[in-house]
Amino acid sequence: MKKGRKTGKEDTGSGKAGDDDPGSFKITGDMIGANPDGIDAIRLLQIIAAGIAAVVLGWAVLDRILNVI
């Protein structure tokens, strides 16, 4: 074995989060174009879909109640 070669844990890419090791790469919001001060498009679509689902559910419940009367 050569003296300068790393062995064991260093070769596996399991270093600490601040290392230059490719195994410790983390994606942050700045890398994917997120707006830290606002709302992103996926969250907005989820809110709209939940609102539509609530309206449809409310309509179905009221429709069933009115059919029973």
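Here is a short report on the structure shown in this document. (Residues numbered from 1 in each chain as written. Predicted model: local features only at pLDDT ≥ 70, side-chain atom pairs only at ≥ 80, totals over all residues. Heavy atoms only, no water.)

### Digging into the overall build of the protein chain
And then number 1: Summing up its helical and strand segments, the protein chain has one helix and zero strands in all.
And then number 2: When each of the 69 residues of the protein chain is scored for burial, the buried share is 3%.
And then number 3: For the protein chain, the exposed area adds up to about 6,600 Å²; of that, 63% sits on carbon and sulfur atoms. (Helix = DSSP H or I, 4+ residues; strand = E, 2+ residues; numbered from the N terminus. Buried < 20%, exposed > 50% of the residue type's maximum accessible area, 1.4 Å probe, protein only. Areas by Shrake-Rupley, 256 points an atom, 1.4 Å probe, with all protein chains shown as cover.)

### Notes on a nonpolar patch on the surface
And then number 1: Residues Ile 39, Ile 42, Leu 44, Leu 45, Ile 47, Ile 48, Ile 52 and Val 56 make up a contiguous nonpolar surface patch of roughly 770 Å² in combined accessible area.
And then number 2: Note that Ile 42 resides in helix 1 (residues 41-68).
And then number 3: You can call Ile 42 exposed: its relative accessible area is 56%. (Patch = residues over 30% accessible without salt bridge, like charges linked within 9 Å, V, L, I, M, F, W, Y side chains within 5 Å. Salt bridge = Lys/Arg side-chain N within 4 Å of Asp/Glu carboxyl O.)

The quantities given are spatial measurements derived from coordinates; they are silent on function.
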